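Chain by chain, the residues run as shown.
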Amino acid sequence: MSGVPADVSTSGVAGAPRATAQGFALDVAAVRSAYPALSDGWAYLDGAAGTQVPEAVIAAESAAYRQGLGNHGGFFAAAQRSAAHARAARQAVADLLGAPDPDGVVLGPSTTALTFRFADALAKTWQPGDEIVLTRLDHDANVRPWVLAAARAGVTVRWADPVLPSLDLPTEVVAAQVGPRTRLVAVTAASNVVGTRPDLPAIAAAARAASDQVLVYVDGVHAVPHGAVDMGALGADLMATSAYKWSGPHLAAVAGAPVLLADLHPDKLDSVVDVTPDRFERGTPPFAQHAGLAAAVDHLAGLLPGTGDRRARLLASMTAVEAHESGLLCRLLDGIAPMVHVERIGAPTRQAPTVWFRVRGMHPDEVAQACARARVNVWSGHNYAWELAGFLGIRESGSAVRAGMSCYTDPSDVDRLLEVLASLAGAGRR
Ligand SMILES: Cc1ncc(COP(=O)(O)O)c(C=O)c1O
């Protein structure tokens, strides 16, 4: 425990921490022991499609059911417990994103569902001739809802394409598409396949300099699990995140300022109270998962020993997650660099720890199958990076293979993938 201040709490999963120049390093063995599913011996490099959950999340959900839940709005204790779970989930998301106010956190089943909801609501404020800016780097969840809403509203879609071969999304490329009629810039904080992290503060500043009516909608789904986030500093008016990418349940949230939500009127039942954030949340929510979501954020905040409020502990622990995963990313990139049969797609200047690649002469599904035989979880296909796969001309040929790091990934997971890839040298048909 050398280097650990005496007043540091060791609650959460944090084991004996190791001090580094950046702060404390994760004790990955301790982190892994919190996730029951990891004991099956597979290498889970599929976190970009959803992580495993720690025991604390499973326990929180089952405790919520054991204690008793009621539908919201009731005068009895079970209903009030449900309302408390929803409030705790909003506060947890606000702490994770650095959101301005938990009352501006809209909870929902998925980022896709919530983005459709926001697209419909925002489109009611657009006029024919207005413009929106989308990117060909983004997951389709931050593209299609806007394309469809724009078509209905008579609004022009302007596209910002990443540059080849790095697949960076330079600020100038986005800035070239914004103008005085721009109402929305929808952009990712990190590509879910090639990892590119655009310079969001600069993009948001360029958008605001060009238009006084613009909103910046940031897809934070792939960025949030991999580092500390401050949505205000990123320039996001609205930011989406999916809890199942950061050790939580299958739930999502979009956060913004309550004053912004107050101007938006999504379709809703007449019988539903016309207040925010409730009017964005359709039907009866999953209260037990709300408890799981809050437990997931507590778990992330407890990855390192720390003091201070949950936001402060999240900033420290997610900084350590980023350092840990960056080391593993380097290990993977160094490992594939000499493999002439492995073709990496993109090489962004700043990136999340996720790599997209093809193996010469093999269909990406065949590569993923070879990995599965070695008990290594990776994904093949477009992974909903639909526009990017089309832009690169690989959509029809199976797109690529994706491997990514999570807070619980250890070097042996990466090495197992590298062994499979090495064994595929010469295995291709062409
Ligand atoms: C970057 C990114 N955006 C959006 C989504 C969609 O999230 P959800 O599955 O919650 O709709 C995903 C899911 O993979 C994603 O990776």
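Starting afresh in each chain, residues are numbered from 1 along the sequence in its written order. For this predicted model, a pLDDT threshold of at least 70 governs which residues receive local features, and a threshold of 80 or more governs which side-chain atom pairs are given and counted, while totals over whole chains, interfaces and linings are taken from all residues. Calculated side-chain values reflect all of the structure's heavy atoms, with hydrogen atoms and water omitted.

What follows concerns the overall build of the protein. Across its full length, the protein holds 14 helices and 15 strands. Radius of gyration: over C-alpha atoms. The globule rule applied is 2.2 Å multiplied by the number of residues raised to the 0.38 power. Computed over its C-alpha atoms, the radius of gyration of the protein comes to 22 Å, within 12% of the 22 Å expected for a compact globule of 430 residues. Across the 430 residues that make up the protein, the buried fraction comes to 57%. For the protein, long-range pairs separated by at least 24 residues make up 70% of all intrachain contacts whose partners lie at least 6 apart in sequence. Across the protein, 35 positive and 42 negative side-chain charges occur, with their mean positions spaced 4 Å apart. Elements are defined by DSSP. Helices are runs of H or I of four residues or more, strands are runs of E of two residues or more, and each kind is numbered from the N terminus. A simple rule labels every residue: compare its accessible area, found with a 1.4 Å probe on the protein chains alone, to the largest value its type can have, and call it buried under 20%, exposed over 50%, or partly exposed in between. Whether two residues touch is decided by their heavy atoms; if any such pair falls within 4.5 Å, the residues are in contact. Neither His nor the chain ends contribute to the count of charged residues, in which Lys and Arg are positive and Asp and Glu negative. A single reference atom marks each charge: NZ on Lys, CZ on Arg, CG on Asp, CD on Glu.

Salt bridges are defined by distance alone: a side-chain nitrogen of Lys or Arg within 4 Å of a carboxyl oxygen of Asp or Glu. Taken as a whole and assessed by the stated rule, the structure comprises 17 salt bridges. Between R144 and D140 there is a salt bridge, and its shortest N-O distance comes to 2.8 Å. With a relative accessible area of 24%, R144 lands in the partly exposed category. Salt-bridge contacts for E387 lead to R144; the nearest nitrogen and oxygen are separated by 2.7 Å. Of this pair, E387 sits in helix α13 (residues 386–391) while R144 sits in helix α5 (residues 144–153), and the two are 243 residues apart along the sequence. In this structure E387 comes out as buried when scored by relative accessible area, which is 12%.

So, on to the site of the ligand. The near set for a molecule or strand comprises every residue that places at least one heavy atom within 4 Å of it. What surrounds the ligand is the set S110, T111, T112, H139, A141, N192, D219, V221, H222, S242, Y244 and K245. Between the ligand and T111 there is a distance of 2.9 Å, counted from an oxygen atom to a backbone nitrogen or oxygen. Polar contact is the term for a pair of N or O atoms within 3.5 Å; when the atoms are in protein, one must be able to donate a hydrogen and the other to accept it, and sequence-neighboring residues count only if both atoms are side-chain atoms. In the environment of the ligand, an oxygen atom lies 2.7 Å from a nitrogen or oxygen atom belonging to the side chain of S242. Of the residues assigned to the shell around the ligand, the class counts are three nonpolar, seven polar and two charged. In this count, Pro and Cys sit with the nonpolar residues alongside Ala, Val, Leu, Ile, Met, Phe, Trp and Tyr, while Asp, Glu, Lys and Arg are called charged and the others, Gly among them, polar.

Grouped together as the largest cluster of nonpolar side chains are 73 residues, with contacts concentrated most on L97, V185, M239, W246, L293 and W356. Per-element tally for this core: the top contributor is helix α10 (residues 287–301), with seven residues. Discounting chain neighbours no more than four positions away, the residues touching W246 are T51, L96, V224, P225, T241, L293, A296, V297 and L300. In these notes, a set of buried Ala, Val, Leu, Ile, Met, Phe, Trp, Tyr and Cys residues joined through side-chain atoms within 4.5 Å is what counts as a nonpolar core.

For any pair of aromatic rings, geometry is given as the distance between the ring centres together with the angle between the planes. Planes of paired rings set the category: under 30 degrees apart is stacked, over 60 is edge-to-face and the rest tilted, where pairs are Phe, Tyr or Trp rings (Trp by its six-membered ring) whose centres lie within 6.5 Å. Scanning the entire structure with this criterion turns up five aromatic pairs. Between the aromatic rings of F118 and Y217, the centroid separation amounts to 6.3 Å while the plane-to-plane angle is 50°, which identifies the pairing as tilted. Linking F118 in helix α4 (residues 111–123) with Y217 in strand β8 (residues 215–219), this pair joins segments that are 99 residues apart in sequence. For F118, a relative accessible area of 0% translates into the label buried. Over the ring of W159 we find R136; its NZ or CZ atom is 4.3 Å from the centre of that ring. Only when the NZ atom of a Lys or the CZ atom of an Arg is both within 6 Å of the ring centre and within 35 degrees of the ring normal do we say a charge sits over the ring.

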